[in-house]
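The primary structure of each chain is shown beneath.
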Amino acid sequence: MMKLACKELNPAINCSFEARGNTAAEVAKKMMTHVKLQHPDEVKGKTDDEMMAMFEAKAHA
Ligand SMILES: [Zn+2]
């Protein structure tokens, strides 16, 4: 099980969302969907590939 919480990306964000999945890629995809909807300003100017790489690198067991 891999996971990544919104607060780990930005501690200033008041959000309790945590993406979970079997692989880092799965977690990254879920986090990307969430961030695009809920925190679009946080990823302004970033491409999907950049976001996936960033979230995959931060996902952890
Ligand atoms: Zn969030």
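S.K.: Hey, could you run me through the overall build of the protein in this one?
M.R.: A count of helices and strands for the protein gives 3 helices and 2 strands. The principal-axis extents of the C-alpha atoms in the protein amount to approximately 30 × 25 × 15 Å. A buried classification covers 15% of the 61 residues belonging to the protein. Residue pairs at least 24 apart in sequence account for 43% of intrachain contacts in the protein once pairs closer than 6 positions are excluded.

S.K.: Mind showing me how you'd approach the nonpolar core here?
M.R.: A general trend in soluble globular proteins is that nonpolar side chains are found buried together. In terms of nonpolar packing, the biggest core is built from 8 residues, these being Leu 4, Ala 19, Val 27, Ala 28, Met 31, Val 35, Phe 55 and Ala 59. In contact with Ala 19, other than residues within four places in its own chain, are Lys 3, Leu 4, Val 27, Lys 30, Met 31 and His 34.

S.K.: How should I be thinking about the packing of helix 2 (residues 24–38) against helix 3 (residues 48–58) in this particular structure?
M.R.: Two measures define how a pair of helices packs: the angle their axes make with one another and the distance between the axes. Contact geometry for helix 2 and helix 3: axes closest at 8 Å, N-to-C directions at 125 degrees. Overall, the two elements helix 2 and helix 3 adopt an arrangement that is oblique. Judged by the twist between their axes, the crossing of helix 2 over helix 3 is right-handed. For the pair helix 2 and helix 3, the contacting residues are Ala 24, Ala 25, Val 27, Ala 28, Met 31 and Met 32 in the first and Asp 48, Met 51, Met 52, Phe 55 and Glu 56 in the second. Tallied by class, residues from the contact of helix 2 with helix 3 come to 9 nonpolar, no polar and 2 charged.

S.K.: Would you mind showing me how to read the environment of Ser 16 here?
M.R.: Locating Ser 16 in the fold gives a position in the loop between helix 1 (6–9) and strand 2 (18–21). Assessed through the 8 C-beta atoms surrounding it within 10 Å, Ser 16 is described here as exposed. Once the C-alpha coordinates of Ser 16 and Cys 6 are considered, the two residues, 10 residues apart in sequence, prove to be 6.7 Å apart.

What counts and what doesn't
- Residues numbered from 1 in each chain as written.
- Predicted model: local features only at pLDDT ≥ 70, side-chain atom pairs only at ≥ 80, totals over all residues.
- Helix = DSSP H or I, 4+ residues; strand = E, 2+ residues; numbered from the N terminus.
- Buried ≥ 20, exposed ≤ 12 C-beta atoms within 10 Å, placed from the backbone.
- Contact = placed C-beta atoms within 7 Å.
- Core = buried A, V, L, I, M, F, W, Y, C linked by C-beta atoms within 7 Å.
- Axes fitted to C-alpha atoms, helices over the stretch in contact; angles between N-to-C directions.
- Parallel < 35°, antiparallel > 145°, perpendicular 65-115°, else oblique.
- Left-handed = near helix turned anticlockwise from the far one by under 90°.
- Nonpolar A, V, L, I, M, F, W, Y, C, P; charged D, E, K, R; others polar.

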